[in-house]
Amino acid sequence: MVAHPDESPGFLLWHVTLRWQREIVAALAPLDLTHVQFVLLATAWWMNSHGESPNQLSLARRAGTDVKMTSQVLRRLEDKGLLRREVDPADTRAKLLRTTDEGAELARRAIGVVEAADAAFFGATPDLSTLQALMRPLADP
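Bear in mind the structure is a predicted one, so any value in this text is a computation, not a measurement.

A positive phi angle is found at aspartate 32, which is not glycine, with a value near 60°. Here aspartate 32 lies in the loop between α1 (9-28) and α2 (35-49).

As structure tokens, then:
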């Protein structure tokens, strides 16, 4: 057992995550995107721009989000005109997700905003590549 909570890696990660999330939420607010909306929009845009047309399940898996929550957020992105669902010709029960032109433009802008926020937040890290290397195995499911 640790002598102090600050010696617990999980407790420290919890606090770092909360602080980072606050920074991202603040950065995305002027774009009228929540953090989850950003993640799903940016992931859909990235997949589309790399020749993929994800359905809800493949997008949720790539983004690491809950499938039911993903459905609700996608509905909101669709209502905003940032995303559209198209019938999958291979499976008419499934819908393929495509960003609209407006959604693609917003995704690119939002990615720039988030990358700038990340750079500012992680700027205090003496060796970012080492931090990334340490986090990668922990992020894999």
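Looking at the secondary structure, you find alanine 104 in helix α5 (residues 101-122). Residue classification places alanine 104 among the buried positions, given a relative accessible area of 11%. Along the primary structure alanine 104 and leucine 12 are separated by 92 residues, whereas in three dimensions their C-alpha atoms are 35 Å apart. Here alanine 104 is in contact with Trp45 and Thr99, once residues within four sequence places are set aside.

For the structure on display, the rule yields one aromatic pair. With a centroid separation of 4.9 Å and 85° between ring planes, the pair formed by phenylalanine 121 and phenylalanine 122 is classed as edge-to-face. On the basis of relative accessibility, which here comes to 11%, the residue phenylalanine 121 falls in the buried class.

Moving on: the side chain of glutamine 37. Relative to the assigned elements, glutamine 37 resides in helix α2. We classify glutamine 37 as buried; its relative accessible area is 8%. At a separation of 3.2 Å, a polar atom in the side chain of glutamine 37 contacts the side chain of lysine 80. Filtering out sequence-adjacent residues up to four positions away, glutamine 37 remains in contact with Asp32, Val73, Arg76, Leu77 and Lys80.

Rules of the game
Residues numbered from 1 in each chain as written. Predicted model: local features only at pLDDT ≥ 70, side-chain atom pairs only at ≥ 80, totals over all residues. Heavy atoms only, no water. Helix = DSSP H or I, 4+ residues; strand = E, 2+ residues; numbered from the N terminus. Buried < 20%, exposed > 50% of the residue type's maximum accessible area, 1.4 Å probe, protein only. Contact = heavy atoms within 4.5 Å. Phe/Tyr/Trp six-rings, centres within 6.5 Å; stacked < 30°, edge-to-face > 60°. Polar contact = N/O pair within 3.5 Å; in protein donor to acceptor, adjacent residues only side chain to side chain.

All we've got here are geometric facts, nothing functional implied.
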